[in-house]
Number of protein chains: 2
Amino acid sequence: MNEACFYCARDERLQQLMIEVCRFPFSTLYLSRDQSYSGRCIIAFREHRTEWFHLTRMERAPFIEEVALAAQAINDVFAPDKINYAVYGDIVSHLHVHLVPKYIGGARWGEAFDNNVAHPSACLPAEYDSAIDRLKTRLEQLWQLSTSEASEE
Amino acid sequence: MNEACFYCARDERLQQLMIEVCRFPFSTLYLSRDQSYSGRCIIAFREHRTEWFHLTRMERAPFIEEVALAAQAINDVFAPDKINYAVYGDIVSHLHVHLVPKYIGGARWGEAFDNNVAHPSACLPAEYDSAIDRLKTRLEQLWQLSTSEASEE
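Described below are features of the structure shown in this document. A quick note: this is a predicted structure, and the numbers were derived from the prediction, not measured.

So, the side chain of B:Thr28
All names here are of chain B.
Okay, so step 1: With respect to the secondary-structure elements, Thr 28 resides in strand E2 (residues 27–32).
Okay, so step 2: A distance of 3.3 Å separates the side chain of Thr 28 from the side chain of Arg 10, its partner in a polar contact.
Okay, so step 3: Beyond its immediate sequence surroundings of up to four residues, Thr 28 is in contact with Arg 10, Glu 20, Cys 22, Arg 23, Ile 42, Ile 43 and Ala 44.

Structural notes on the interface of chain A and chain B
Okay, so step 1: Facing the 35 residues of chain A at the interface are 35 residues of chain B.
Okay, so step 2: Across the interface of chain A and chain B, roughly 3,300 Å² is buried in total on both sides, 55% from carbon and sulfur atoms.
Okay, so step 3: The three residues of chain A that bury the most area against chain B are A:Phe53, A:Arg57 and A:Asp90, which together make up 22% of that side's buried surface.
Okay, so step 4: Scanning the region where chain A abuts chain B turns up six salt bridges.
Okay, so step 5: In this structure, the salt-bridge partner of B:Lys82 is A:Glu51, at a minimum N-O distance of 3.3 Å.
Okay, so step 6: For the pair chain A and chain B, the interface holds 27 residue pairs in polar contact (both at pLDDT 80 or more).
Okay, so step 7: Among the secondary structure elements, those contributing two or more residues to the side of chain A that touches chain B are helix H3 (57–78), strand E4 (82–87) and helix H4 (125–152) of chain A.
Okay, so step 8: Ranked by the residues each element gives to the side of chain A that touches chain B, the list is headed by H3(A), at ten residues.
Okay, so step 9: Of the residues that constitute the side of chain A that touches chain B, the class distribution is 17 nonpolar, eight polar and ten charged.
Okay, so step 10: The sheet contact formed by E4(A) and strand E4 (residues 82–87) of chain B spans three bridges and is antiparallel. Counted as the bridge partner of A:Val87 is B:Tyr85 from E4(B).

Rules of the game
- Residues numbered from 1 in each chain as written.
- Chains lettered and ligands numbered in written order.
- Predicted model: local features only at pLDDT ≥ 70, side-chain atom pairs only at ≥ 80, totals over all residues.
- Heavy atoms only, no water.
- Helix = DSSP H or I, 4+ residues; strand = E, 2+ residues; numbered from the N terminus.
- Polar contact = N/O pair within 3.5 Å; in protein donor to acceptor, adjacent residues only side chain to side chain.
- Contact = heavy atoms within 4.5 Å.
- Buried area = accessible area lost by both parts, 1.4 Å probe.
- Salt bridge = Lys/Arg side-chain N within 4 Å of Asp/Glu carboxyl O.
- Nonpolar A, V, L, I, M, F, W, Y, C, P; charged D, E, K, R; others polar.
- Pairing = 2+ DSSP bridges.

Nothing here speaks to function; it is geometry throughout.
This is the structure in structure tokens:
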């Protein structure tokens, strides 16, 4: 826990940027308030770590499973042509992955997505709610599938 | 294997952009010829897949271990202040992670790294060789440690 970190504090600094979708065992998934890339999300590791190699092997494996599950749900709900996954964190160092759906003909197709959008595309509250509901429904289905597959291994 | 993909073909298109450092069981690590970010590398999954969720659980876990190991070696050799990790792939879709060391006061600190550098910073052959040698030495040490830890679990 790092008091100065908004991913740890989960305070209004975080709430201005994103809305919680759900909590996984090792991470929390958020919908970005900026929807310049329809379905854009952020998934943050549950503790204050800064690099992938600061996690233990027993933390990395489930966290990347949760990243993949979230990306799959975004893919299934929003039908992008590719998903971009990025960990930056020079300033906000708490390990978090930007999950950015990209669309052929859409913003920055073929380039790195714009991380600090000059004019973020905000939605109406009902649009955020709808996106979150659809993501949660799909995540619950995928979570059931993934846990039943894991128990069969 | 996708003949049109340079990560599959490992041909001159790839060699113009990067130099092989080593092969892991699930991936290949390359040093980027662009060294605008000192120590910049790329790690590519061994097969032609495009999204994290297209891997099986038994592929994701070792691949993220290899990503973390490579990032740790870059960290130990080049001493950056943060590492950025990015999977884009809108056009070159074969799953590969850009490992980009960032330095306080250096290029694009606090912003997304520049993926398509207008004037890539090339090195002399001896400088590439030296970087690769140092990375390989550190990777061998870390690999030994990681496999001995795994066998103790």
